[in-house]
Structure formats: C-alpha cells, structure tokens
Amino acid sequence: MAKAFADPRDASFIASANQSHVAALSSDYVALGTQLERRGINIDDVTRAVAEFKVAIPSWGVGTGGTRFGRFPGPGEPRNVFEKLEDCAVINRLTGATPTVSLHIPWDKTDDYVGLREHGAALGLGFDAMNSNTFQDQVGQPLSYKYGSLTHTDAAVRAQAVQHNIDCIKAGAILGSRALTVWIGDGANFPGQSHLGRAFERYLESTASIYKALPDDWRMFIEHKMYEPAFYATVIQDWGSSLMAAQTLGPKAFCLVDLGHHAPNVNIEMIVARLVHAQRLGGFHFNDSKYGDDDLDAGSIEPFRLFLVFNELVEAELAKAPNFKPAHMLDQSHNVTDPIESLMTSAIELQRAYAQALIVDRKALHEHRLGNDVLMSAQTLKRGFTTDVTPILAQARVKKGAAIDPIGAYRQSGYRAKCGEMRPGKQSLGGGIV
C-alpha cells in the first residue's frame, strides 16, 4: 500500500498537525509569560519581534552537500532551481521564517528568470542576494580560474570574472533581488606564488567595475574566508581586508560575516560590533563549525556564540545604529541529514538566539557594567541564554500560520518519500561540495 501523502504547505494540513500541540503550547506560553513578567518583560512583545524575524534559504542548501572526499545523495533531491523553490516553500510554510531564497549562479542559471520569479511568487517566495561563482570552472567557459579570477594576473580572466558578476546582477534585477554577494577563492598555496599587495589591488580594480554595474537600490556584500582553497594566503582573508575593500568601493559595499570563516576561538561577536561601528555590517551567512569551515547546522555546536552574536545585533537595534540593516541567510552543507529538516531547525535556532537576546535585562546589564560588577554582568547576560524560549518560538509560528512542531509535521506529511517517487535519484561517486 502506498504511503499517505499530504502537502506540508497546505494550511489545513498544518492546522491539523498543530491540533494535538495547542493545549500544551498554551500552558507553556502562559507559564513563561509569568516568569518573564517578573523580570519586567512582556512576552507578547518578544513574540511579535520573533515572528517578524526572517532568514533567507540558500538554494544550494536544499540539495545534499558533501566534502571533497565524497557525496551521498539523498532521495528526492531537487533537479533544478524550480524544484529547489518547491522545497524552500515547504521550509517557509512550516517555520514562517524563510520567505526569500538566495540563488547561486551558474548553479541556478535558467533561460526563464521571469518564469522563475513567477514560480517563486506562486509559492510565496521572493529572492534574496545573488551569489556569483568564480571559484569553479564551468562547462564551456573560455578561460580557467585555476590561478584566480578577480585577481588573476591575466586581464582577460579578470574581465571574464567581472562580466559573470554583472550577469548575476542582471538576472537578480529580473528576479527582484537587491544584493550581490561576492566571494572568491583567489590566493596562493605557496610563498612566492603571488604578489600579495598587487593581488589585492587587482581585486579592488575588478570589484570597482562590478560596483559600477549595481543598480541604485542594490548592495554588494563582500565575503571573506580565512582559507580554502588558497591555504597559504587568501586575498580577502578576514574582516579587515573586507572592510578596507568596502570602504574603498563606496557606500553600497558592505562586509558579510560567515560564522565558519574564522580561525578557531576568534571573537566573532566583537567583529560584528566593529562592523556595526564602521556602518559596514552587510549581513550574515549563518552556520556552525567545530574545527574549521564546516558548514554545520546553525547552533548545533556553539549555541552560546550564536546568542552572543545576536546580543550584539539587539544592542545595535536598540541603539538605532546608523546604516544598520543586516541581511540574514543560512549557508550550510547537509551531508548526512535531510536538508529540509536541517534548514528548518537552523532557522528556528536563529529565532531562539534572537529571542534569548531580546529578554536580556538591558537596564541591569548596563548598571552592572558601569559598576564594574563582572560576575553580575556575565550572569545577567547568561540568564537570557539559559531561559527556555521554545514557547515563544512556537507561538510566533502560530501567528504566522506555521507549524508548532515543524519537524513532526514535515515527517507526518511524507513529503520526502513523495519527492523520492517524483524525482529520480542521482548517483555520485566523487567529491561534491554543493
């Protein structure tokens, strides 16, 4: 007998899945509200803020990822960008937190961007930042990026890479995107391989040409990465180089912070604070890591660090920091889990960190800091982190017509099994970072 299937995007299915959880949520929400009221916090205000929080889904994230050693495809993987949007719509309907999708070109290239935009709109989705790719050679590409792209010693290679970014802007304009993310793998694997100063100058020259092609209402996000594939010296290796580039290019250029693109134990929340001060914090690629740039699910390894990042964002939000409008996006690779489940849990973990930061007693924290009361400063901050805000997250989803238990509803729907029937599987024998 065929397994029953329900569309997890259907409002009646979500309402039915929620039915058995409503009473428990109501009780838990009231109890947490009473607890927060004693601290002078209105739970409904926090819930409204959490319900408004949004994070973009990476189109490549709904496919099974991999490592340079291997890739193990899962059942029902999307075969094209249109099917990717269908999976992204499931994530958004069940979490209520992911209304936009970030595309990666040429992985998501299509001959019908108008049709793609219409397909997204029909699914309740818009389009976030466009991502260019000059870190891989593509079929039919005239010149190779083996020794660099925007910083290559050959002007013709640089021109090819610049034009690719401009093409991404043109495609994004059709889709309704308003940002371009630029990350390059350019650098050197051996001392002496590259002139470190001139490589950076070539980067500035190339990105200036891309910057000139930006529409007036667009932003450019400059993404840094400490290493890989250039292990000796990466051209845009940290937030300092990213900031220098953004300030050189102009007011539409901003720095993008990927949580995995830092050395172990780096104080990422301080980097966030510095970029807020410089008015150049463009946004985030959220993920987590244990050893390096692991692209693990957000909050799976360092939830306290994630909370501290959001603590700085809330501080900036409350202070009405100038030019502060960070874009949020997930950037993960799912090699051993169902990508839809991982992306849903990650979106929820971001909301959790945001809610925890919102319930920090800011007045008490400020007074403890002024009084140099180190212990109470730390304890006041930690109290926000240790509070279980799960009822707030669930109630925020209810307000958006989403699922109280997104994973449970998703599994109940049988969506993955249905995709397995509708989308023939693909075998992969080699490396496969998506």
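Just so we're clear, the structure is a prediction, and the values are computed from it rather than from any experiment.

Draft legend 1. Summary view of the sheet that holds strand 11 (residues 327-330). Spatially, six strands are ordered 4-5-7-9-10-11 in an open sheet, and the strand pairing comes out parallel. Both outer strands of the open sheet, strand 4 (130-131) and strand 11, are each paired with one neighbouring strand and no more. Taken together, the four bridges between strand 10 (residues 281-286) and strand 11 define a ladder with parallel strand orientation. From the neighbouring strand, G283 faces strand 11, where its bridge partner is A327. Taken strand by strand, helix 8 (residues 239-249) contacts strand 7 (219-223) and strand 9 (253-258), and its axis lies near 160° from that of strand 9.

Draft legend 2. Just the packing of helix 5 (residues 113-122) against helix 6 (residues 155-175), in detail. Look at helix 5 against helix 6: their axes get within 8 Å of each other, and the N-to-C directions meet at 45°. With respect to helix 6, the axis of helix 5 lies oblique. Once helix 5 is placed against helix 6, the crossing between them reads as right-handed. Facing Y113, V114, L116 and R117 of helix 5, the residues of helix 6 in contact are A171, A173, I174 and L175. Classifying every residue of the contact of helix 5 with helix 6 gives seven nonpolar, no polar and one charged.

Draft legend 3. A look at the sheet that holds strand 2 (residues 100-102). A sheet is described by the order of its strands in space; here three strands give the open sequence 1-2-3, paired in parallel fashion. Where the open sheet ends on each side, the last strands, each with one partner, are strand 1 (57-58) and strand 3 (126-127). Two strands pair when backbone bridges link them, and strand 2 and strand 3 are joined in this way by two bridges, in the parallel orientation. Looking at the pairing, T100 lines up with G126 of strand 3.

Draft legend 4. Molecular detail of the pattern of salt bridges. Summed over the entire model, instances satisfying the criterion amount to 19 salt bridges. Notably, a salt bridge pairs R423 with E83, separated by 3.6 Å at the nearest N-O pair. Taken together, the positions of R423 in the segment after helix 16 (415-422) and E83 in helix 4 (residues 81-95) put the pair 340 residues apart, joining distant regions of the chain. You can call E83 buried: its relative accessible area is 10%. In this structure, R423 and D87 form a salt bridge, with 3.1 Å as the shortest nitrogen-oxygen distance.

Draft legend 5. The arrangement of the pairing of strand 5 (residues 179-182) in detail. Burial of strand 5 is two-sided: the residues A179 and T181 facing one way and the residues L180 and V182 facing the other way are all buried. Here strand 4 pairs with strand 5 via two bridges, running parallel. Bridge pairing links M130 to L180 in strand 5. Traced from strand 4 through helix 6 to strand 5, the parallel crossover comes out right-handed.

Draft legend 6. Structural view of the pairing of strand 10. Here strand 10 lies mainly inside the structure; six of its six residues are buried. Where strand 9 and strand 10 come together, four bridges link them in parallel fashion. In the sheet register, L256 faces strand 10, and the bridge partner there is G283. Remark: the strand 9/helix 9 (residues 268-277)/strand 10 crossover connection has right-handed handedness. Crossover handedness for the path strand 10 to helix 10 (residues 303-318) to strand 11: right-handed.

Draft legend 7. Geometry of the packing of aromatic side chains. For the structure shown, the criterion picks out 14 aromatic pairs. Ring plane angle 50° and centroid distance 6.2 Å describe the contact between Y410 and Y415, whose orientation is recorded as tilted. Here Y410 matches Y415 in class, with each residue buried. K382 extends its terminal NZ or CZ atom over the ring of F304, reaching a point 5.5 Å from the ring centre. Taking NZ or CZ as reference, K418 lies 5.7 Å from the ring centre of F5, over its face.

Draft legend 8. The side chain of R423, seen in detail. In this structure R423 comes out as buried when scored by relative accessible area, which is 4%. Among the polar contacts made by the side chain of R423, one reaches the main-chain carbonyl oxygen of G76 at a distance of 2.8 Å. Contact partners of R423, with chain neighbours within four places excluded, come to G76, E77, P78, R79, E83, E86, D87 and Y415.

Rules used throughout
Residues numbered from 1 in each chain as written. Predicted model: local features only at pLDDT ≥ 70, side-chain atom pairs only at ≥ 80, totals over all residues. Heavy atoms only, no water. Pairing = 2+ DSSP bridges. Helix = DSSP H or I, 4+ residues; strand = E, 2+ residues; numbered from the N terminus. Contact = heavy atoms within 4.5 Å. Axes fitted to C-alpha atoms, helices over the stretch in contact; angles between N-to-C directions. Parallel < 35°, antiparallel > 145°, perpendicular 65-115°, else oblique. Left-handed = near helix turned anticlockwise from the far one by under 90°. Nonpolar A, V, L, I, M, F, W, Y, C, P; charged D, E, K, R; others polar. Salt bridge = Lys/Arg side-chain N within 4 Å of Asp/Glu carboxyl O. Buried < 20%, exposed > 50% of the residue type's maximum accessible area, 1.4 Å probe, protein only. Right-handed = clockwise from strand over helix to strand, strands pointing away. Phe/Tyr/Trp six-rings, centres within 6.5 Å; stacked < 30°, edge-to-face > 60°. Lys NZ or Arg CZ within 6 Å of the ring centre and 35° of its normal. Polar contact = N/O pair within 3.5 Å; in protein donor to acceptor, adjacent residues only side chain to side chain.

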